[in-house]
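Structural characterization, general
Given next are the chains, with one letter for each unit.
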Amino acid sequence: MVGDVAVGGHAPISVQSMTVTRTADVEGTLQQVYELAMAGADIVRCTCNEVEAAEGLARIVPRSPVPIVADIHHQYRMALAALEAGVHCLRLNPGNIRKPEHIRTVAAEARDRLVPIRIGVNGGSLHPDLYRKHGDRVTPEAMVESALTEIGYFAEVGFDLVKISVKASSVPLMIDAYRQLAEATDHPLHLGVTEAGPPPAGLIKSTAGIATLLAEGIGDTIRYSLTADPVAEARAGRQLLESMGLRERRNVDLIACPSCGRAEIDVVAVAEEAMAAFADREIPLQVAVMGCVVNGPGEARDADLGIAAGRGRGHLFVGGRNAAVVAEDEMVDALVEWAELIHAEGPEAALSRVDTEKAEREASRDRERLLTEQGDDVDDASSRIESIRRRTS
Ligand code: SF4
C-alpha cells in the first residue's frame, strides 16, 4: 500500500507523476498535486532535497488528495526527515545513497512506520562498482544486481515493503532489465523510461517501453518521464492504461477520422477543439469527430456519440443513430452538451428528446448530395488508374 493505493498483486495498475515545484513552496506544490490528480495521477512524488522540503512535506501530506512519495537522492538524512513528515512512500536511488549502514538505518525506520520504499535504479546513476564490474557499461544485469543488492540490505533489518524500478533512457535496455527483474523477484515493479524527453518523441519512447512490458504482464505502477508539464505525464499514463483496457475509462476517449478528400471540415482543427473542450471532464464516453456524413457515422458506429460534417452542417449521432443537425460552428458545443446529457441520463433518454427520423432524413439528404457532387470515388482514383492503364498498355 502506498497510502490508500494498493500496488502489486491484482491491484489496478496505478499512474504516478512528479511535481516540478520547490517542495518548500507548499501552496504551489499542492496546487500541482491537485492538477496531477485531476489529470489521472494516483500517486505523486515530490523531491525532498533539503530540510525546507521535508518541512513542506509535513504540510503537504495531510492536505494532498493522493499519496505522496518523497524522492531522495544523496542524503539519507532527508529520507529520515521525509518519514518524519509522514510521507506514504520513499524513493531511494541505490546509486546515490551507497553506505550500507545508511541504507539499513532508513529501511529500519521505514519498517517501524510501515512505509514502503521504491528502489529506484537508474541507468544513468548506477553504482560505480557495478558499472566497472559489468565492463564499464550499463547493462540490464548490472541494473538488476543493483536492485537485488539493495533488497539484501533491507532484508538484513527485516524490511520488505519494496517496489522496484530499473529505468533507462534506452527503451530496449529498460525492457530487458525489467524482464530480468520480473524473473528475479516478486516485488511490485514501477515502470518507466527515464529522461524520455519532450513529446512527441518522449511519449513514443515511454509508450513503447511501458506498453511492451504491460502487455507481457510485467509492471504494477507506471510513470511517463516527459520534458513537459507534468500534467501531460499524468494524462498520458492514464490514457495508456485506459487504451490497453487496464483501467476503466474516466475521461472522454476522442476518436477522429484521419480526414481525406471527402472531408467537409478541417477535421484536425475540430478534433483539437473538441479535445480542449472535453479536457479532463470526467465523462467516460467514446466521442467521434468525422469529416463527412458519407462514411463518418458508419465508420464510427461503435462510438457512444459522434458528429459528422455535411454541407455546412454537423450531423450528430448517438450509438450509430442520427440524433440532431447543428450548425458547423456549433459542432463542438453540441458534442459537449450531448456528452453531458448522455452521461447523466443515458443514450435512450437523450434520444427520446429529439426527432431521430427527421435527423436521419437530413443526414441522408446531405449524404446523397455529397455523393452526387463528389461521386463514389472522391479521390477519382478509378478514372486515374484507368487512364494510366490506357497509356501504358
Ligand atoms: S469519415 Fe469521411 S472524411 Fe473522414 S476519412 Fe472517412 S471518408 Fe474521409
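Structural notes, computed from the coordinates. Residues take numbers from 1 onward in each chain, read along the sequence in its written order. Given that this is a predicted model, residues contribute local features only at a pLDDT of at least 70 and side-chain atom pairs are listed and counted only at 80 or more, while totals for whole chains, interfaces and linings are drawn from all residues. For the side-chain quantities, the full set of heavy atoms in the structure was used; hydrogens and water were omitted.

What follows covers the pairing of strand E1 (residues 14-18). Three labels apply to residues, based on accessible area from a 1.4 Å probe with only protein chains included: buried if under 20% of the type maximum, exposed if over 50%, partly exposed otherwise in between. Helix numbers and strand numbers start at the N terminus; a helix is a DSSP run of H or I with at least 4 residues, a strand a run of E with at least 2. Summarising burial for E1: 5 of the 5 residues are buried, a large majority. Where burial is concerned, the two faces of E1 agree: the one with Ser14, Gln16 and Met18 and the one with Val15 and Ser17 are both buried. Following DSSP output, two strands are said to pair if at least two bridges run between them. Pairing analysis gives 3 bridges linking E1 to strand E8 (residues 221-223), with the strands arranged parallel. Residue pairing in the sheet places Gln16 in a bridge with Arg223 of E8. The pairing of E1 with strand E2 (residues 43-47) spans 3 bridges and is parallel. Bridge pairing in E2 places Met18 opposite Arg45.

The next subject is helix H7 (residues 171-184). Structurally, the α-helix is built with 3.6 residues per turn, so residues lying three or four positions apart point the same way. Here, expected helix span is obtained from the residue count minus one, scaled by 1.5 Å. Compared with the 20 Å implied by 1.5 Å per residue over 14 residues, the 20 Å span of H7 between its first and last C-alpha is a close match. Listing the buried residues of H7 in full gives Val171, Leu173, Met174, Ile175, Ala177, Tyr178 and Leu181. Working rule for contacts: check all heavy atoms of both residues, and any pair within 4.5 Å makes them a contact. Buried residues along H7 sit in contact with helix H6 (140-156), strand E6 (162-167), strand E7 (190-191) and helix H8 (201-215). Side-chain atoms alone can form a polar contact between residues adjacent in sequence; in general such a contact is a pair of N or O atoms within 3.5 Å, and within protein one must be able to donate a hydrogen while the other accepts it. If you check the start of H7, you find a side-chain oxygen 3.2 Å away from the backbone N of Leu173, and it comes from Ser170.

Attention shifts here to the sheet that holds strand E13 (residues 321-327). Across the sheet, which stays open at both edges, the 5 strands sit in the order E9-E10-E11-E12-E13 with mixed pairing between neighbours. Two strands in the sheet have a free side with no partner beyond their single neighbour: strand E9 (253-256) and E13. On average, each strand axis in the sheet is inclined to that of its neighbour by 20°, with strand direction left out of account. Bridge count for E9 against strand E10 (residues 286-290) is 4 bridges, and the pairing is parallel. Along E10, the bridge assignment pairs Asp253 with Gln286. Structural elements are reduced to axes, namely lines fitted to C-alpha atoms, with helices fitted over the stretch in contact, and the angle between N-to-C directions of any two is expressed from 0 to 180 degrees. Contacting E9 and E10, helix H10 (residues 267-278) runs over the sheet at an angle of about 175° to E9. Docked against the sheet, helix H14 (residues 356-374) engages strand E11 (305-310), strand E12 (313-318) and E13, running at close to 70° with respect to E13.

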